[in-house]
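Fold and contact review
In case you want the letters, here they are:
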Amino acid sequence: MKKRISTLQFEGTERQARQLGNIIEGCKKDKSMLMYVMQQAQLIYGYLPYEVQVMIAEGMDVPLEKVYGISTFYSQFTLSPKGKNNISVCLGTACYVKGSKQVLDKVCEVLGINPGECTSDRLFSIEECRCIGACGLAPVIMINDEVYGNLAPGDVEGIIDKYRNKN
Amino acid sequence: MKSLDELNIIRDRAKIKMKSKKDNTELIRVVVGMATCGIAAGAKPVLDALNDEVSKLGLGNVAVKQTGCIGICQYEPIVEVIEQGKEKVTYVKVNAEKAREIASKHLKDGNVVSKYTVGGTIDSVDDGICSVDDTAFYTKQKRVALRNCGIIDPESIDEYIAVDGFAALGKCLTSLEPDEVVDIVKASGLRGRGGGGFPAGLKWGFTAANKADKKYVVCNADEGDPGAFMDRSVLEGDPYCLIEAMTICGYATGADEGYIYVRAEYPVAVARLEKAIAECNEKNLLGKNIFGSGFEFNLHIRLGAGAFVCGEETALMTSIEGNRGEPRPRPPFPSVKGLFGKPTTENNVETFANIPQIILKGAEWFSGMGTEKSKGTKVFALGGKIMNTGLVEIPMGVTLRETVEEIGGGIPNGKKFKAAQTGGPSGGCIPAEYLDIPMDYDNLLQIGAMMGSGGLIVMDEDNCMVDIAKFFLEFTVDESCGKCTPCRIGTKRLYEILEKITNGDGTLEDLDKMEEICHYIKENSLCGLGQSAPNPVLSTYKHFKDEYIAHVVEKRCPSGVCKNLLSYEIIADKCRGCTACARVCPVDAISGSPKNVHKIDKAKCIKCGACMTRCKFDAIIKK
């Protein structure tokens, strides 16, 4: 999985920096907590831009390359921001066999972006994901925390419109 | 918990509480399946509606509870009504509205709403059947690891204790020596359920034999095999069982600390585990001096971050230590030098879930189930082209045919069974000719598949086996950690060959090269991920060579999946000249005037299939 550090302007607030600082403070004695700190940082900022990785590396007293190495190793960490509505299309075996690739193609077509990208209005982003464990409902997509199952490509447009109209 | 007596008192009290109220009137117990698949299907509004309606109707004798996975995922949300002395009633595909109707008609007036029951809703189940226990899906099952899933409230320690929870731990700590516990696990014949099938008792014995100032127990809950979700089901449906089993393992091997490494993609499981651990600490079922025995055990949760390779035991430990999850060479094995360099016992969730029952019912009871070399039961996650998708736990040695046709209800839409993929990206496919072999570790290995973690994906005639192999390879290319060359580069080259074949550019030499690379990767990779990565290719090539040849020589995809090899044609006899196809074609590849036979220009056609879906006369076929 290729990952690129986001080129978008970093817009962190002081409050976010304080939140992250507190987490680092509680964990810095135990180096094995590095991944936990990064997971928390991603919850705070939504992604792990360069600036945040520097904060973590300095706070935990580990080389920046180690933080970067972990952030690119695990698929959960994202280096570019997510849209307001993040669409995950499950490409696990059960979903794939039942046609989730066609569903993904349709989502990309409707939004005009590729997986891993965010629309320019920052409303939607698409990601491919591995099994979310709802194989009985295959093929499934997840928008934010909501799961849509038993989908056909024809259902995609209506579902996306629902979110577009919400905003 | 200070003693076994104290546990027994709590158990007896909890048992009564599950059945009746304080004044001894009998309770009607209503459970709603609230595992991830249930929640995704809309179980939360159902639970809310039931609670609301029960309090509105003033039904004081009804207790509405949440529970874990009931198993028939496809028919979620599921509500079960359990009443003393009456047959259990299972309602499927319930929504809030139906839930209210069930509350007023069944819970209040005592009339089963038969149109919403398993029999009333599912076509393949006889109308008279009310309880899921009487369906073909259940009667063949034998639940050991999943015994509490879908029965108890996973967030209530009392309910776990009521079904003999922590009795096994109590027995170990108060009346068995550590080596006796190891001997029981050895004698049971329990093998690791995560993939490899290594005997659990041997593993425990190795760690126990090593002297060290510190030892660990690790639970592998990083269920990464796409299509398998039995571990999630146990974590969400029976978290206390895992805690009990890990504590027993700690006692047997001399460890005082444990880690559960669980996927971050399982938020419900994580939340329930956290709650369960906190409660156990409070009740002194974890911590110091458990059962007054002087034994201490502490448990932590670590979240994975989405890396398939972390399901490999050494990679998992590297990840817990806070690094990129890359595997380490073995030896030294984890039982010598594992987590933080200390002797460590690692098992997966399903393996642990068997332990308490083995301790309570004895090794002979467990080894009485299954085949000669594979004892006990195995949970399979049925998925793909099968009627009843869901979790089934069956004794080792049940045939694939029974599993697919009887328990799974066969293939939908009258299609033919082609193959089943077991073991996910590390496993292989089982073609129709082996439908009757008893499924256990050794038989599956022999035919080039493997048990793996128990994902069982059924494929029908519409699935292209080359495409499936390519799909799994794409997965391993993505998930290869990059540490060793055979896996990092070999899988990539292998994937490229498969891509060439499915694009119609493959040659017979490519097939030879493909086989050669497969063997090279298998023999030279550092860890299980690489060593098993070529399995899907090798097994599909072995059993479906003709499909590979068709792609390469005839430039044809027999199942009509590989886009580049497809062509759409209009059957002249069936075409009425309605022009619907021409109008829907995005690239104007279809020509023809009204009421005359239409034609597809193959040079222009992008093979999107829109015309075929649109045609009302089945006049368009793909080849």
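Definitions and limits used
- Residues numbered from 1 in each chain as written.
- Chains lettered and ligands numbered in written order.
- Predicted model: local features only at pLDDT ≥ 70, side-chain atom pairs only at ≥ 80, totals over all residues.
- Helix = DSSP H or I, 4+ residues; strand = E, 2+ residues; numbered from the N terminus.
- Rg over C-alpha atoms; globule rule 2.2 N^0.38 Å.
- Buried ≥ 20, exposed ≤ 12 C-beta atoms within 10 Å, placed from the backbone.
- Contact = placed C-beta atoms within 7 Å.
- Core = buried A, V, L, I, M, F, W, Y, C linked by C-beta atoms within 7 Å.
- Arc of directions from axis to C-beta.
- Axes fitted to C-alpha atoms, helices over the stretch in contact; angles between N-to-C directions.
- Parallel < 35°, antiparallel > 145°, perpendicular 65-115°, else oblique.
- Nonpolar A, V, L, I, M, F, W, Y, C, P; charged D, E, K, R; others polar.
- Domains from an automatic or database assignment.
- Pairing = 2+ DSSP bridges.

Quick look at the overall build of chain B
When helices and strands are tallied, chain B shows 26 helices and 18 strands. Taking 623 residues into account, the globule formula puts the C-alpha radius of gyration at 25 Å, and chain B, at 27 Å, falls close to it. With the principal axes as the frame, chain B shows a C-alpha extent of 85 × 65 × 40 Å. Taking all 623 residues of chain B together, 55% fall into the buried category. Partitioning the contacts of chain B with sequence separation of at least 6, the portion at a separation of at least 24 is 71%.

Side note on the overall build of chain A
From N to C terminus, chain A includes seven helices and four strands. Order of helices (α) and strands (β) in chain A, N terminus to C terminus: α-α-α-α-β-α-α-β-β-β-α. Its C-alpha atoms give chain A principal-axis dimensions of about 50 × 30 × 25 Å. The proportion of buried residues among the 167 residues of chain A is 39%. Taking all contacts inside chain A whose residues are at least 6 apart in sequence as the whole, residues at least 24 apart take part in 64%.

Some thoughts on the nonpolar core
Residue and element names in this part refer to chain B. Leu-242 and Ile-248 are the most contacted members of the largest nonpolar core, which totals 233 residues. Contacts of Ile-248, omitting those with residues within four sequence positions, involve Ala-168, Leu-169, Cys-172, Val-181, Ile-355 and Ile-359. Formed by twelve residues, the second largest nonpolar core is a distinct cluster that contains Tyr-568, Ile-570, Ala-619 and Ile-620.

Points about helix H17 (residues 400-407) of chain B
Residue and element names in this part refer to chain B. Along H17, the residues classified as buried are Leu-400, Thr-403, Val-404 and Ile-407. With its buried residues spanning 120° around the axis, H17 presents them on a single face. Along its buried surface, H17 packs onto helix H6 (136-139), strand S10 (377-384), strand S11 (390-395), strand S12 (417-422), strand S13 (428-431) and strand S14 (455-460). Immediately downstream of H17, the backbone of Gly-409 shows phi near 75°, a positive value.

A few points about the environment of Val-67 of chain A
Residue and element names in this part refer to chain A. Looking at the secondary structure, you find Val-67 in helix H4 (residues 64-73). Judged by C-beta crowding, with 25 C-beta atoms within 10 Å, Val-67 ranks as buried. Residues Val-67 and Glu-146, 79 residues apart in the sequence, show an inter-C-alpha distance of 31 Å.

Some remarks on the packing of helix H11 (residues 230-237) of chain B against helix H15 (residues 349-361) of chain B
All names here are of chain B. Where H11 contacts H15, the two axes come as close as 9 Å, and the packing angle between them is 50°. Compared by their axis directions, H11 and H15 come out oblique. Across the interface between the two elements, Met-230, Asp-231, Val-234 and Leu-235 of H11 pack against Val-349, Glu-350 and Ala-353 of H15. Residues of the contact of H11 with H15, tallied by class, amount to five nonpolar, no polar and two charged.

Some points on the interface of chain A and chain B
Each partner contributes to the interface: chain A provides 30 residues, whereas chain B provides 36 residues. Breaking the side of chain A that touches chain B down by element, the ones donating at least two residues are helix H2 (34-45), H4 and helix H5 (93-97) of chain A. The element that contributes the greatest number of residues to the side of chain A that touches chain B is H5 of chain A, accounting for four residues.

Points about the domain arrangement of chain B
When the domains of chain B are assigned, the result is domain 1 (15-135), domain 2 (157-367), domain 3 (377-460), domain 4 (465-552) and domain 5 (567-622). Look at where the C-alpha atoms of domain 1 of chain B and domain 4 of chain B centre, and you get two points 48 Å apart.

Quick notes on the sheet that holds strand S1 (residues 85-90) of chain A
All names here are of chain A. The strand order S2-S1-S3-S4 describes an open sheet built from four strands, whose pairing is mixed. Of all strands in the sheet, those with a lone pairing partner are strand S2 (124-129) and strand S4 (146-148), marking the two edges. Neighbour to neighbour, the strand axes of the sheet diverge by 20° on average, direction disregarded. Where strand S3 (residues 141-143) meets S4, three bridges bridge the pair, whose relative direction is antiparallel. Pairing of Met-142 across the sheet is with Val-147, part of S4. Most of the contacts of helix H6 (residues 100-111) go to S1, to which it runs at about 155°, and overall it touches S1, S2 and S3.

Considerations on the domain arrangement of chain A
Per the domain assignment, the segments of chain A are domain 1 (14-73) and domain 2 (85-166). If you average the C-alpha positions of domain 1 of chain A and of domain 2 of chain A, the two centres end up 30 Å apart.

A word on unusual backbone geometry
Residue and element names in this part refer to chain B. Omega for the bond connecting Glu-76 with Pro-77 falls within 30 degrees of zero, at -10°, which places this linkage in the cis form. For the bond from Arg-330 to Pro-331, the omega torsion is -5°, close enough to zero to count as cis. Its place among the elements puts Pro-331 in the loop between helix H14 (313-320) and strand S9 (344-348). Look at Phe-291: it is not a glycine, yet its phi comes out positive at around 55°.

Some words on H11 of chain B
With respect to burial, H11 of chain B is a largely interior element, eight of its eight residues being buried. Every buried residue of H11 of chain B is listed here: Met-230, Asp-231, Arg-232, Ser-233, Val-234, Leu-235, Glu-236 and Gly-237 of chain B.

Here we look at the environment of Val-217 of chain B
Residue and element names in this part refer to chain B. Secondary-structure assignment places Val-217 in strand S5 (residues 216-221). As a C-alpha pair, Val-217 and Trp-365 span 148 residues in sequence and 26 Å in three-dimensional space. For Val-217, the contacting residues outside a window of four places in its chain are Met-246, Cys-249, Gly-250, Thr-253, Ala-255, Gly-258 and Thr-345.

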